Each structure stands twice: as C-alpha cells, then as structure tokens.
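# A look at the structure
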Amino acid sequence: MARKPKKGGQGTPATVALENATVAFTVHAYEHDPAAASYGGEAAQALGIPADRVFKTLVAEVDGVLTVGVVPVAGQLDLKALAAAVGGKRAAMADPAAAERSSGYVLGGISPLGQRRALRTVVDDSALAHPTVYVSAGRRGLEVELSPADLIALTAARTAPIGR
C-alpha cells in the first residue's frame, strides 16, 4: 500500500493524519453520485469491494458525550451495544450539525481519522477479520484503505460488537 494520497488535491485531515503517522494506506477515489441512497454502499459498489470491508463512521451521543461508532456499511450501529462498550447507559444518534462541527467533516464524508476534536471511538470487532478495511478519507467519493490495527491505534479506539 502507498503512503501518499494520489495527486490532485485529495489531501484531507484524514490523509494528513495518516501521512504523519507513517502507516501504510491507500486512497481510493470514485465519482460520488448525490442521488445515492447510501454513501457507504455507494463506495463498496463503486470500488468493487465487499460491503463488509467498508466501514461507516457514525457519531452518537452516549450519556450526553459525543462518541464515534465505526461499523460495516451493510449493517447498522447498535446504540445499546455502543453505550455498553464505553460504560454508558443511553445512546442516541448525534445531531447532524453537532457531528459535523465536532469532526470538521460533512455528513457522508465523516472520517474516524483526523477529526477536528478527537472523540472516544469504538470500532466494530468484525474489522479484525480483514487484512484491510475501508473508511471515509474525509470527503464524499474518497475512501482510505488501511489495516484494522492501524485504524484502532490511530483513533485510540476500543473494539466491541457494536454492529448488527
């Protein structure tokens, strides 16, 4: 895997964070369709990869604290499991504006990497079954492929079964 994103102004806070960490990663770009029903599903289809290797980044509130859940695009975030994973009681999806403000990214392009404000993060443990996974590189139509171990280390995440 390459360490540098392709030329053409594709650098994002996520790819900059990866470059600074000097981990192996590959940037994959595709033409985003604004009419797509699912950003992650669109990425899997456009890149020709199984949906269980593409992970979406969702921001929730657990007991009033913004928390990131990273789960396969083919499934859903189990809010009760997310709350339990961080020792909380209640979880709900965060207000979209709060998620954008906190992360510095727009919906559909929120990356778990390079966020404006680092949030506690939980990665679904199914990521560990793959040599590499794909997450948003910080913009719609841009994914980054990296090892699950690097994703977990760079986000200081814990792993837990939070997808369903």
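Residues numbered from 1 in each chain as written. Predicted model: local features only at pLDDT ≥ 70, side-chain atom pairs only at ≥ 80, totals over all residues. Heavy atoms only, no water.

Averaged over the protein chain, the pLDDT score is 89; the fraction of residues at 70 or greater is 94%. In this model residues 1-9 is a low-confidence stretch, pLDDT under 50, and it forms 21 contacts with partners more than four residues away in sequence or in other chains. (pLDDT = per-residue confidence, 0-100. Contact = heavy atoms within 4.5 Å.)

Structurally, Leu18 is set in helix 1 (residues 13-21). Judged by relative accessible area, which is 0%, Leu18 ranks as buried. Considered as a pair, Leu18 and Val144 are 126 residues apart in the sequence and their alpha carbons are 9.5 Å apart. Ignoring anything within four residues of it in the chain, the contact list for Leu18 reads Val23, Phe25, Leu113, Val144, Leu146 and Leu154. (Helix = DSSP H or I, 4+ residues; strand = E, 2+ residues; numbered from the N terminus. Buried < 20%, exposed > 50% of the residue type's maximum accessible area, 1.4 Å probe, protein only.)

Moving on to the side chain of Ser147. For Ser147, the location among the structural elements is in the loop between strand 7 (142-146) and helix 5 (148-155). Relative accessible area serves as the criterion here: at 18%, Ser147 is assigned to the buried category. With residues near it in sequence (within four places) discarded, Ser147 still touches Pro131 and Thr132.

The next point concerns the pairing of strand 2 (residues 55-62). In this structure, strand 2 lies alongside strand 3 (residues 65-72), joined through eight bridges in antiparallel fashion. Residue pairing in the sheet places Thr57 in a bridge with Val70 of strand 3. In this structure, strand 2 lies alongside strand 4 (residues 91-93), joined through three bridges in antiparallel fashion. Directly across from Val62, in strand 4, lies its bridge partner Ala91. (Pairing = 2+ DSSP bridges.)

A sheet is described by the order of its strands in space; here three strands give the open sequence 1-7-6, paired in antiparallel fashion. The sheet is open, and its two edges are formed by strand 1 (26-29) and strand 6 (133-139), each paired on a single side. Across the sheet, the mean angle separating the axes of adjacent strands is 35 degrees when strand polarity is ignored. Summarising the sheet, strand 1 and strand 7 pair through four bridges and their orientation is antiparallel. From the neighbouring strand, Thr26 faces strand 7, where its bridge partner is Glu145. Packed on one face of the sheet, helix 1 meets strand 1, strand 6 and strand 7 and runs near 120 degrees to strand 6. (Axes fitted to C-alpha atoms, helices over the stretch in contact; angles between N-to-C directions.)

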